[in-house]
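# Observations on chain architecture
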Amino acid sequence: GESVGLHLPTLSVQEGDNSIINCAYSNSASDYFIWYKQESGKGPQFIIDIRSNMDKRQGQRVTVLLNKTVKHLSLQIAATQPGDSAVYFCAEKGMDSSYKLIFGSGTRLLVRP
Amino acid sequence: DGGITQSPKYLFRKEGQNVTLSCEQNLNHDAMYWYRQDPGQGLRLIYYSQIVNDFQKGDIAEGYSVSREKKESFPLTVTSAQKNPTAFYLCASATSSGGNEQFFGPGTRLTVL
């Protein structure tokens, strides 16, 4: 069945360093992927998305890379700041409905001062 | 301000009581969703609705019910049949044309005593 998972449950980085959060997906037919950031006790916030016809997309301090060959998605955060500390989820658009997203279990990013 | 709201932020109920969680959006979105999140876990889909007066079960619908009488409102009732209702509940909405991003509310933390 469809599934989206993350390799590392917790990532600790030094402030100012770059962070890379990884995600594996199993449905090669998925055509849309999205990264969310969730701070403690709050709802997830959109960070960046990417369609399957792209390999890379950049936002402000964030880059998403999509490797369809190995079904791997990554989120890169440049110059990580304390405010980046949160749980990050990748999500995949489900194929049985145009509007359902399938979420991974999340990676907690801890930024050390 | 356009957005999606959930109320209340914290809710306490006695075991065996039904409880209804509110979700309202003024984004003119057709699709709305309810997710459940347990500590350290990802989001699991309870119910979703793509249009007024229509809704579908998600992955964990047992013990929950919803209604969609108005476009802007999608209340979730947690019934006494739900075996383990204590969780963080998140509501989301999305457009039905083109966009895939779901916008999340701030969440309601339900504790059943």
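Please refer to the structure placed before this passage.
The notes below deal with the structure included here. (Residues numbered from 1 in each chain as written. Chains lettered and ligands numbered in written order. Predicted model: local features only at pLDDT ≥ 70, side-chain atom pairs only at ≥ 80, totals over all residues. Heavy atoms only, no water.)

### Focus on the pairing of strand 9 (residues 87-94) of chain B
Residues and elements named next belong to chain B. Spelled out, the test is: A simple rule labels every residue: compare its accessible area, found with a 1.4 Å probe on the protein chains alone, to the largest value its type can have, and call it buried under 20%, exposed over 50%, or partly exposed in between. To qualify as a helix, a DSSP run of H or I must reach at least 4 residues; to qualify as a strand, a run of E must reach at least 2; elements of each kind are numbered from the N terminus. By definition, two strands form a pair when at least two bridges between them are found by DSSP.
Of all eight residues making up strand 9, eight are buried, and the element is well covered by its neighbours. Along strand 9, one buried face is formed by A87, Y89, C91 and S93 and the opposite face, lined by F88, L90, A92 and A94, is buried too. Note: strand 4 (residues 31-37) against strand 9, seven bridges, orientation antiparallel. Note on strand 9: the bridge partner recorded for W34 is C91. Where strand 9 lies against strand 11 (residues 108-112), three bridges are found, and the strand directions are antiparallel. Following the sheet pairing, Y89 is matched in strand 11 by T108. As paired elements, strand 9 and strand 10 (residues 103-104) share two bridges and run antiparallel to each other. Counted as the bridge partner of A92 is F104 from strand 10.

### A word on the interface of chain A and chain B
Heads up, the condition is: The criterion used for residue contact is that any of the two residues' heavy atoms lie within 4.5 Å. Buried area: the accessible area, evaluated with a 1.4 Å probe, that two parts lose upon being put together, summed over both parts. Gly falls in the polar group here, along with every residue not listed as nonpolar (Ala, Val, Leu, Ile, Met, Phe, Trp, Tyr, Cys, Pro) or charged (Asp, Glu, Lys, Arg).
Between chain A and chain B, the contact holds 20 residues from the first and 23 residues from the second. At the boundary of chain A with chain B, total buried surface from both sides reaches about 1,700 Å², with 52% on carbon and sulfur atoms. Considering only the surface of chain A that becomes buried against chain B, Y99, K100 and F103 of chain A emerge as the three largest contributors, covering 36% of it. Ranked by residue count, the leading element in the side of chain A that touches chain B is strand 4 (residues 32-38) of chain A, at four residues. Grouping the constituent residues of the side of chain A that touches chain B by class yields nine nonpolar, seven polar and four charged.

### Describing the packing of aromatic side chains
Centre distance and the angle of the planes are the two values used to describe a pair of aromatic rings. Quick reminder of the rule: Ring pairs are drawn from Phe, Tyr and Trp, using the six-membered ring of Trp, whenever the two centres fall within 6.5 Å, and their geometry is named by plane angle: stacked under 30 degrees, edge-to-face over 60, tilted for the rest. For a Lys NZ or an Arg CZ to count as sitting over a ring, it must be within 6 Å of the ring centre and within 35 degrees of the ring normal.
In total, this model carries 10 aromatic pairs over all chains according to the counting rule given. Aromatic side chains Y36 of chain A and F104 of chain B sit 5.3 Å apart centroid to centroid with 90° between the ring planes, which places their arrangement in the edge-to-face category. Pair noted here: Y36 of chain A is in strand 4 and F104 of chain B is in strand 10, and the two residues belong to different chains. Both residues of the pair, Y36 of chain A and F104 of chain B, count as buried. Ring centres of Y33 of chain B and Y48 of chain B lie 6.3 Å apart, and the angle between their planes is 15°; this geometry places the pair in the stacked category. Here Y33 of chain B, found in strand 4, pairs with Y48 of chain B, found in strand 5 (residues 43-51); they are 15 residues apart in sequence, far enough to count as distant. Note on Y33 of chain B: relative accessible area 1%, which makes it buried. A relative accessible area of 8% places Y48 of chain B in the buried class. Here a set of aromatic residues connected by ring pairs shows up, and it is made of Y36 and F103 of chain A together with Y33, Y35, Y48 and F104 of chain B. Over the ring of F74 of chain B we find R68 of chain B; its NZ or CZ atom is 6.0 Å from the centre of that ring.

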